Amino acid sequence: MTNNPRILVTGANGKLGRLVVASLLKKVPAAQISGLVRKSEAAAELGTLGISTPMGDYSDTAALDKAMDGIDHVLLISGSEVGKRIPQHTNVIEAAKRAGVKRIAYTSIVHCDTSPLGLADEHRGTEAALKASGLPYVLLRNSWYTENYLGNVAMDVERGVIIGCSGNGRISAATRADYAEAGAIAMTTAEDIGGRIYELAGDEAFTMAQFTEELSRQAGKTVVYQDMSPEDYKAALVAAGLPEFVGALLANSSAGAATDALFDDGKQLSTLIGRPTTPLSRSIATALKK
């Protein structure tokens, strides 16, 4: 395998990308790391860490070719533009192929090949493009981020209720930092992991009722989970001000969770990163302190 590989992290200024860069800096010199960013202010900020910060987005093929120059390993972090991701991701894959990269890893979704989630469609398309590329690829199939449930935790405690349509589905969430560590390892390991598929998830699954029980315990105030139909949940999200398509997407994901679509008990994430994943109780405690 390549010694001292030059590594490119796409979406390096995103919430996951920044954590990947931070993890990489603990493993390899900054001179080996490049972070693809879309804005000059992000390039300037990440540049203070000593890493290279080429600018461009997933639709700019010329910028992608430039960013790939001299790169050995690429971490393709899935884009945020739902509906456009297959062609955008394919642009990155084709640029990596032209550059002759020796490893490309992609942040997919857990059990992508069988997942009922609407979000999985574009991940399946990207996985197909990777397999067709002929490049040595690694699939990092991430389950949900614990942070998905903690963004409005203070408001949730104040209201005393969290709504959704996840029923009693088990959710094997892990923190972004846990998944970022996995991404950094995939970029730096000397092991030949080409063709490897990792189903990455938290060690301990929870239902939404269990989530609110733990939140109640730590907040010292009762918070309950109110389950509803996917249609009613979507309507509630739209009524709260979310765009129609976002409400539909969130309702679809929550309904998918009810079927255990976000559950995995293989503990491949903790095995890969060499430590237990971050417990839900710790994540909630951290969120409540903010």
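About the cut-offs
- Residues numbered from 1 in each chain as written.
- Predicted model: local features only at pLDDT ≥ 70, side-chain atom pairs only at ≥ 80, totals over all residues.
- Heavy atoms only, no water.
- Phe/Tyr/Trp six-rings, centres within 6.5 Å; stacked < 30°, edge-to-face > 60°.
- Helix = DSSP H or I, 4+ residues; strand = E, 2+ residues; numbered from the N terminus.
- Buried < 20%, exposed > 50% of the residue type's maximum accessible area, 1.4 Å probe, protein only.
- Lys NZ or Arg CZ within 6 Å of the ring centre and 35° of its normal.
- Arc of directions from axis to C-beta.
- Salt bridge = Lys/Arg side-chain N within 4 Å of Asp/Glu carboxyl O.

Participant: Could you give me a rundown of the packing of aromatic side chains, with the residues and numbers involved?
Facilitator: Inspection of every chain in the model, using the stated rule, returns four aromatic pairs. A centroid spacing of 5.6 Å and a plane angle of 65 degrees characterise the contact between Tyr 145 and Tyr 179, whose relative ring orientation is edge-to-face. With a gap of 34 residues between them, Tyr 145 in the loop between strand E5 (137–142) and helix H6 (153–159) and Tyr 179 in helix H7 (residues 176–188) connect regions that are remote in the sequence. On the basis of relative accessible area, Tyr 179 is assigned to the buried category, the value being 3%. Of the aromatic side chains, those joined through ring pairs into one cluster are Tyr 149, Phe 206 and Phe 211. When the ring centre of Phe 263 is taken as origin, the NZ or CZ atom of Arg 170, which lies over that ring, is 3.8 Å away.

Participant: Any details on helix H3 (residues 61–68)? Residues and values, ideally.
Facilitator: Along H3, the positions that sit buried rather than exposed are Ala 63, Leu 64, Ala 67 and Met 68. For H3, the angular spread of the buried residues around the axis is 135 degrees, confining them to a single face. Structural note: H3 exposes Ala 62 and Lys 66 on the side pointing more than 90 degrees away from its buried face. In the segment just after H3, Gly 70 is the residue with positive phi, at about 80 degrees.

Participant: Could you give me a rundown of the pattern of salt bridges, with the residues and numbers involved?
Facilitator: Enumeration over the complete set of coordinates arrives at 16 salt bridges. Between Glu 81 and Lys 84 there is a salt bridge, and its shortest N-O distance comes to 3.6 Å. For Lys 84, a relative accessible area of 46% translates into the label partly exposed. The network of salt bridges with shared partners includes Asp 113, Glu 127, Arg 141 and Glu 199.

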